[in-house]
Amino acid sequence: MKSSIADFAVISPRTLAEALASLRQTPPPVPLAGGTDIMVLLNAGQLEPGVYLNLYSVPELRRPIEVSAGVRDAGTWGAGGADPPGEVRLSALTTYADVRRHAEVRRLLPMLPLAAREIGAVQIQSRATWAGNIANASPAADGVPPLMAYDATVELSSAAGVRQVALSEFYSGYKQTARRPDELITGIRIPVPAPGSIDYFRKVGTRKFQAISKVLLAGLVELGGSREIRKIRLVFASVMPFTYRARKTESVLEGRRLEPGAVSLAVETLRTELKPIDDIRSTARYRLKVACNLLEEFLGTTMGC
Amino acid sequence: MSAPAEEKSSFVINGKSWSGAVHPLKRLLDTIREDVGLTGTKEGCGEGECGACTVFLDGQVVMSCMVPTCQAEGKQITTIEGLAENGRLHPMQESFAQEGGAQCGICTPGMIMAAVAYARDPGSAEDMREALAGNLCRCTGYIRIFEAVKKAMAK
């Protein structure tokens, strides 16, 4: 190991209250969940020396996935507008493996297991957490785009109280997030999409498995009776300095009928909306081209549905 | 910052209780090899790409280079040394030996742990290739490994 381990200390709180109290120290300790990012940095000598907060010692942070009542009854699905929307709640330490194993989540939020499958190997999926993927704020995060496309909300807790922040408002720049240093992500709430919504998840990487993405699109569209786009979410990873919701392109599409003209207009809008990054994994030019291709594929296949 | 002391750490490894003084952030891989003294678990890349350090932690298949020792506190760990029972190799180990699923041997302990995890819970991945995608082998070309896993699972 390149780091000197003596430069690091760990606090292992027993309760959430203890964890939140420790976050009020100056400087605040850094939350440590499954360790799949932090332990790699430690080994590479790139981890900031300091105090880390071991979340695995807090049972309250590791709860089963909750599916809100109302969606359990599959028979009421699509029976009219009166059904409660339903919600899935992940806990702070819910892992990718937890989601892949959860039959109801697979059915209600099919993009989540698709994303989970893309996160490293099964050995990493059993440790890495959705909340950690959000907090780590990598532009190449695979777990964040589908959550954002599903309009997920991040629950942030501190000793002062709890607040909810829309995931689409969570990032403001490279590694810049709405989480204050005294706050902990204690849950992720995901509304179940309207029945008949069509999703799209595609990651373009160097290999089929174990690759960090070059471009990723998570999309969700809700169509009306005459094929008009009621609502659309277009979320890109690895293209911008943070997980990016293409709001301008979404707004060009919303209210429009899904037809070839709308597709080319959307692609043209996206081409000017995105300002892709250039880095070790790919070039801005490649990313722009492929991002537009993915949008075209999403809208094209949806049109054929 | 003052150098934090090592802390007492306890877990059960291959059915035996172990406790000792370990820095809480020490990689479980290093604790297993240096403190417990079981060197069957290997280090390849140290960044979660190669799978050589694969062990079970409370029944879940993990990369031990990414687990801080403090998160193994009170848990059950199984390493490659814990698969054999009463002096008899695990069927997966037998199968690797018979089919020539090992050459230089560095990836083999992790590969077998991942294969045993998949055999126990085939629903954990879509297929065998995905289940073993996190375990790199630079010798065999994988075909004999896949044959070994298939034969062990068919039994």
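Residues numbered from 1 in each chain as written. Chains lettered and ligands numbered in written order. Predicted model: local features only at pLDDT ≥ 70, side-chain atom pairs only at ≥ 80, totals over all residues.

Help me out: how do you make sense of the overall build of chain B in this one?
What chain B contains, in helices and strands, is five helices and five strands. Going from N to C terminus, chain B has its helices and strands arranged as β-β-α-β-β-β-α-α-α-α. Here the C-alpha radius of gyration of chain B, 16 Å, is about what a compact globule of 155 residues would show, namely 15 Å. Taken over the C-alpha atoms alone, chain B extends approximately 55 × 30 × 30 Å along its principal axes. Residue burial in chain B is summarised as follows: out of 155 residues, 46% are buried. (Helix = DSSP H or I, 4+ residues; strand = E, 2+ residues; numbered from the N terminus. Rg over C-alpha atoms; globule rule 2.2 N^0.38 Å. Buried ≥ 20, exposed ≤ 12 C-beta atoms within 10 Å, placed from the backbone.)

Honestly, the sheet that holds strand β12 (residues 215–223) of chain A in this entry has me stumped. Any pointers?
Whenever strands of a sheet pair, they do so through backbone hydrogen bonds, lying parallel or antiparallel. Residue and element names in this part refer to chain A. Pairing is antiparallel across the open sheet formed by four strands, whose spatial order is β11-β12-β13-β14. Looking along the sheet, the strands with just one partner apiece sit at the ends: β11 (198–204) and β14 (244–245). Both β11 and β12 contribute to a ladder of seven bridges, which runs antiparallel. Bridge assignment links Arg202 to a residue of β12, and that residue is Leu217. Helix α5 (residues 111–118) rests against β11 and β12 of the sheet, and its axis sits at about 10° to β11. Together, β11, β12 and β13 (229–237) form the strand contacts of helix α11 (residues 284–304), whose direction differs from that of β12 by roughly 30°. (Pairing = 2+ DSSP bridges. Contact = placed C-beta atoms within 7 Å. Axes fitted to C-alpha atoms, helices over the stretch in contact; angles between N-to-C directions.)

Please explain the nonpolar core as it appears in this structure.
For soluble globular proteins, the rule of thumb is that nonpolar side chains tend to be buried together. Among the nonpolar cores identified, the biggest contains 134 residues, and Leu55, Leu217, Phe236 and Ala291 of chain A are the most heavily contacted of them. Per-element accounting of this core gives the leading share, eight residues, to helix α3 (residues 108–120) of chain B. The residues contacting Leu55 of chain A, other than those within four sequence positions of it, are Ala19, Pro31, Leu32, Ala33, Leu61, Ala92 and Leu93 of chain A. (Core = buried A, V, L, I, M, F, W, Y, C linked by C-beta atoms within 7 Å.)

Before we go on, may I ask you to explain the domain arrangement of chain B in this structure?
Interfaces are often sized by the accessible area lost when the parts come together. All names here are of chain B. In terms of domain boundaries, chain B breaks down into domain 1 (7–82) and domain 2 (91–154). Centre-to-centre separation of domain 1 and domain 2, based on C-alpha positions: 21 Å. Between domain 1 and domain 2, the contact holds 13 residues from the first and eleven residues from the second. The greatest single-element share of the side of domain 1 that touches domain 2, amounting to three residues, is contributed by strand β3 (residues 54–57). (Domains from an automatic or database assignment.)

It is not clear to me how the sheet that holds strand β1 (residues 8–11) of chain A should be interpreted in this structure. Could you clarify?
All names here are of chain A. Overall, parallel pairing links the three strands, which are arranged β1-β3-β2 in an open sheet. In this open sheet, the two edge strands, each paired with only one partner strand, are β1 and β2 (30–32). Strand-to-strand twist in this sheet, taken as the mean axis angle between neighbours without regard to direction, amounts to 35°.

So what exactly am I meant to see when it comes to the domain arrangement of chain A here?
Residues and elements named next belong to chain A. Domains assigned within chain A are domain 1 (5–60), domain 2 (61–191) and domain 3 (198–304). Just the C-alpha atoms count here: the centres of domain 2 and domain 3 sit 21 Å apart. Taken together, the 22 residues of domain 2 in the interface contact 21 residues of domain 3. Every element with two or more residues in the side of domain 2 that touches domain 3 is listed here: α5, α8 (144–149) and β8 (171–173). With five residues, α8 is the single largest residue contributor to the side of domain 2 that touches domain 3. Residue classes in the side of domain 2 that touches domain 3 are distributed as 17 nonpolar, three polar and two charged. (Nonpolar A, V, L, I, M, F, W, Y, C, P; charged D, E, K, R; others polar.)

Help me out: how do you make sense of the pairing of β13 of chain A in this one?
Within a regular strand, side chains alternate between the sheet's two faces. Residue and element names in this part refer to chain A. Taken across its nine residues, β13 has seven buried, putting it largely inside the fold. With antiparallel pairing between neighbouring strands as the criterion, β12 and β13 make up a hairpin whose turn holds five residues, including Arg227 at a positive phi of roughly 65°. Bridging between β13 and β14 involves two bridges; their strand directions are antiparallel. By the bridge assignment for β14, Val235 is matched with Arg245.

Honestly, the packing of helix α2 (residues 91–99) of chain B against α3 of chain B in this entry has me stumped. Any pointers?
Packed helices, taken two at a time, are described by the angle between their axes plus the distance between the axes. Residue and element names in this part refer to chain B. The contact between α2 and α3 brings their axes to 10 Å, and the two run at 125°. Between α2 and α3, the angle falls in the class oblique. Of the two possible hands of crossing, α2 and α3 adopt the one that is right-handed. In this structure, α2 contributes Met92, Gln93 and Phe96 to the contact, and α3 contributes Thr108, Ile112, Ala115, Val116 and Ala119. Among the residues making up the contact of α2 with α3, the classes are represented as six nonpolar, two polar and no charged. (Parallel < 35°, antiparallel > 145°, perpendicular 65-115°, else oblique. Left-handed = near helix turned anticlockwise from the far one by under 90°.)

Honestly, unusual backbone geometry in this entry has me stumped. Any pointers?
Peptide bonds are trans in most cases, and residues, glycine excluded, mostly fall at negative phi. All names here are of chain A. Cis geometry marks the peptide bond from Thr26 to Pro27; its omega dihedral reads -15°. Along the chain, Pro27 turns up in the loop between α1 (16–22) and β2. The phi dihedral of Arg227 falls on the positive side, at around 65°, and the residue is not glycine. Residue placement: Arg227 occurs in the loop between β12 and β13. Phi angles above zero are rare outside glycine, and Ser238 is one such case at about 70°. Topologically, Ser238 is positioned in the loop between β13 and β14. Overall, Ser238 belongs to the buried group, with 29 C-beta atoms counted inside 10 Å.

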